[in-house]
Each structure stands twice: as structure tokens, then as C-alpha cells.
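Results of the structural survey
Here are the chains, one letter per residue:
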Amino acid sequence: MTEHAYLRIADHLRQRIRNGDLAPGARLPAHRVLAEEHDVSEILIRRALDLLRNEGLVESRRGSGTFVRERPPVRRVSMERYLADAGAQTVPRTSFTQDQGITWTQYRLDKAFRWISADERLATLFNVEVGARVLERRFVFYAADVPSQISRTCLLASDVEATPVANPDNEPWPGGNIAQLRTLGIDVDDIVEETAVRMPTPEEAEVLGIGSGIPVFAITRQMLASGRVVEVADPIVLPGDRAVRVDRITL
């Protein structure tokens, strides 16, 4: 076998995983056993497993071996998710908890707030002057302790400075951004999203616990009130193996 035998070995194991022969949670044979089975060196086995690890198909556990990764639940991402934020709140919820099918107690956030000056991109998205004062909020969303979304969402200081919305202690906020802005007399009536598919940055892959070979959805969102942009999220990052984008148009 040539050096590229690791690709054939990876494909063989990939097929066994996808057809269920190696089920989620199953432990793969030891490197030595796989090397003997395929008549190659353990170095090539490690390269094959590294490839599958980057694809998110297997994971290594220190001192235990390599296991087939559990298949994460797939999140349905559609614009309809914002109806959960816009509607009446009989129980605490957001579009994220609605999509994930989790309760409020299963939802938590890592959060970091800071005041920044809008750069050219952010100023363009807000339709304001470069240098405008902006509240930048960075979140990591967890569903039942699993990191499932990263977002950088920004609000204009002229709207939120010295209000409860600017206080990170008030997060998570039932109803999310739409409910927050409503408390300030700002009624969101339009939402625009652009979605790109790209590879994750090393930081994104580490935070979300995904292989570097798993693409992500990168969403840029603008929330508007009476034609004025009042919130910009740039980006919202979702793992590509846990989400499916759903668009709908009525003709």
C-alpha cells in the first residue's frame, strides 16, 4: 500500500460508521489492531483517524481510545423562529430554546459585553457613521450544557446606554433581543438575514466542539424598526452538522 492508503482506510471506517456497523458511542479497535487488519503502519492509522476526527465522525478520549461520535440533534433554522420572541411570553423562552426544544432551565449563556466604535462594516450594516458608539455582546449558547451557537450581536449606544439592556446580569432575557428592544419602546417589525457557509475558525471549532473539517453557517442579521436598523448580529455561527436552513416564501 502507498502512503495514501490512509485515505482508503478512512473511507472504509467512514462507510462502517454511516451504515451503522459502527454505531454512535462504539469504540474503534486499537491502533495496533487496525494496523494489522489493513497491513499498514500505526502512523497511517493515526492519519486516517485524524481525518475522521476533523469530519466530526469520531472523537478521542484520553486513556480510553477512539469512539464513534454521537450524532447531534439537527436544529431547524427558519425565520419563523423569531415568532417565539415576538409573541406573548407565558413561560420564559427565546427563539433558541424554541428551536432546540429545551426548557429555560436547560438554557444558559456565556456572555461578554463591551463598548466599541463601529468599524466600516458595522457602520454600513447599521447605516450610521464610522466611529458610532456601539454595545458589542458576544454570546455562546448552550442547550443542555452542549455549546450550540456563537453570536456577536450589537446595539447602538444611543438606544441602549444606561438601560437594563446594557447590563449583562440581565442575560439571558426571555424573548431575546426583540423583547429587550420592546421595553425601550422600539418595536422590531422587519428582520433581514444573509447566510454563508464556510469553514470554522480554530476558535469557533474549539468553542463548539466540532472538527475543523465541519462547515458552519455564518449568519449576518439586521433587525429593523420602522426602517431603521436597531440591531446587528455579525456573525451568528451554527455547526453545519447540527442545523438545516429552512426558507419559505408564499406566492
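On a predicted model such as this, the values are computed, not experimentally measured, just so you know.

Below, the discussion takes up the nonpolar core. The biggest cluster of nonpolar side chains holds 24 residues, and the ones touching the most others in it are V188, M223 and V230. Listing elements by their share of this core, those giving two or more residues are β4 (107–117), β5 (133–143), α8 (176–183) and β8 (216–225). Ranked by residues supplied to this core, first place goes to β5 with 4 residues. Non-local contacts of V188, meaning those with residues more than four positions away in its chain, are made with I178, L181, M223, L224, A225 and V230. With 19 residues, the next largest nonpolar core counts A5, A35, I45 and A48 among its residues.

What follows concerns α8. Across the 8 residues that make up α8, a large majority, 6, are buried. Those residues of α8 not exposed but buried are G176, N177, I178, A179, Q180 and L181. Trailing α8 by a residue or two, G185 shows a phi angle of about 80°, which is positive.

Tracing the sequence through the fold places V237 in strand β9 (residues 228–239). Looking at V237, the relative accessible area reads 1%, which means it is buried. Each C-alpha atom of the pair V237 and R198 lies 9.9 Å from the other, and the pair is 39 residues apart in sequence. Not counting residues up to four positions away in its chain, the partners in contact with V237 are S148, Q149, I150, R198, E204, L208, V216 and F217.

Reading the values: rules and limits
- Residues numbered from 1 in each chain as written.
- Predicted model: local features only at pLDDT ≥ 70, side-chain atom pairs only at ≥ 80, totals over all residues.
- Heavy atoms only, no water.
- Core = buried A, V, L, I, M, F, W, Y, C linked by side-chain atoms within 4.5 Å.
- Buried < 20%, exposed > 50% of the residue type's maximum accessible area, 1.4 Å probe, protein only.
- Helix = DSSP H or I, 4+ residues; strand = E, 2+ residues; numbered from the N terminus.
- Contact = heavy atoms within 4.5 Å.

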